[in-house]
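# Residue-level structure breakdown
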Amino acid sequence: MVVRLGRHRLLALLCGILAALTLSTSTNAAPAQAGAVRTDAAAGWLARQLVDGERFEAVFDGVTYPDQGLTLDAVFAFAAAGVADDFGAQALAWATRPDVRDGYIGDGATEAYAGATAKLALAVAVRGGDPTDVGGVDLIARLRSLQDPAGRFTDRSAWGDFSNAFSQSFAILALDRTAQGAPAVAAGWLAGTRSAAAGAAALCLRRGRHRRRGAGVAGRRQPG
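Residues numbered from 1 in each chain as written. Predicted model: local features only at pLDDT ≥ 70, side-chain atom pairs only at ≥ 80, totals over all residues. Heavy atoms only, no water.

If you tally the helices and strands in the protein chain, you get nine helices and two strands. In sequence order, the secondary structure elements of the protein chain are arranged as α-β-β-α-α-α-α-α-α-α-α. Counting every position in the protein chain, which comprises 224 residues, the buried fraction comes to 41%. A fraction of 61% describes how many contacts in the protein chain between residues 6 or more apart in sequence connect residues 24 or more apart. Only carbon and sulfur atoms are counted for the fraction: they give 59% of the accessible area of the protein chain, which is about 11,900 Å². (Helix = DSSP H or I, 4+ residues; strand = E, 2+ residues; numbered from the N terminus. Buried < 20%, exposed > 50% of the residue type's maximum accessible area, 1.4 Å probe, protein only. Contact = heavy atoms within 4.5 Å. Areas by Shrake-Rupley, 256 points an atom, 1.4 Å probe, with all protein chains shown as cover.)

This is how it looks when you write it as structure tokens:
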């Protein structure tokens, strides 16, 4: 049996379907729009915490120091969310100033810090810059020079080696963006630090995460 709908009934049915589709589209779009608003709000809050709109600072033993590592964390956050691009640019411009840069990654001669070098190289690359020429410094070449035969990236410093799993991870991420890529032995070394009970956290806890030590700005090594 063929069921024929009257003109008015057909029009009503089509209107109902259209309304349902419109409601469905609006319902699906609402969470995405709300998420975008929350992201913008979070980025705005983060940007307002920056000192002079360009950097974060940390207090150590009652003395305030510029915190390059935390500033780069903000650069990553802004880039990942695709918001506050101007603040990301200002923060990276500050972190790559020669005096600020060298206080963070070392002078490259007597002092060279693997984690900081890798993190800065990654931040530059994420923002579309060239990590092989950051104010005349080739961060990629320096980072590769800090890799030992076992694949681990270590600090070269009179204050000791504070490299850890975070340093290794940033190094792999930074080098993976280069034409030569990240050495397989480096990833292998990182994988080998896992323990059955605690995973990679064992090395992080044992070595300490980017602890301060004497070097860099005002005689203090800055955190990563």
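The next point concerns the environment of A165. For A165, the position within the fold is in helix 7 (residues 165-176). Since its relative accessible area comes to 4%, A165 is described here as buried. Sequence spacing of A165 and W189 is 24 residues, and the spatial spacing of their C-alpha atoms is 9.5 Å.

Of note, D67 is situated in strand 2 (residues 63-67). With relative accessibility at 7%, the residue D67 sits in the buried group. A distance of 3.3 Å separates the side chain of D67 from the backbone nitrogen of G69, its partner in a polar contact. (Polar contact = N/O pair within 3.5 Å; in protein donor to acceptor, adjacent residues only side chain to side chain.)

Before going further, it helps to examine the environment of A150. As for its position among the elements, A150 is in the loop between helix 6 (139-145) and helix 7. For the pair A150 and A186, spaced 36 residues apart in the sequence, the C-alpha separation amounts to 7.5 Å.

What follows is about the pairing of strand 1 (residues 56-60). By the bridge criterion, five bridges tie strand 1 to strand 2 in an arrangement that is antiparallel. Pairing of F60 across the sheet is with V63, part of strand 2. Count of turn residues in the strand 1/strand 2 antiparallel hairpin: two residues, of which D61 carries a positive phi of about 55°. (Pairing = 2+ DSSP bridges.)

Another point: the pattern of salt bridges. When the charged atoms of two side chains with opposite charge come close together, those side chains can pair. By the definition in use, this model includes seven salt bridges. As a salt-bridge pair, D52 and R55 come within 3.2 Å of each other at their nearest N and O atoms. The network of salt bridges with shared partners includes D52, E54, R55 and E57. (Salt bridge = Lys/Arg side-chain N within 4 Å of Asp/Glu carboxyl O.)

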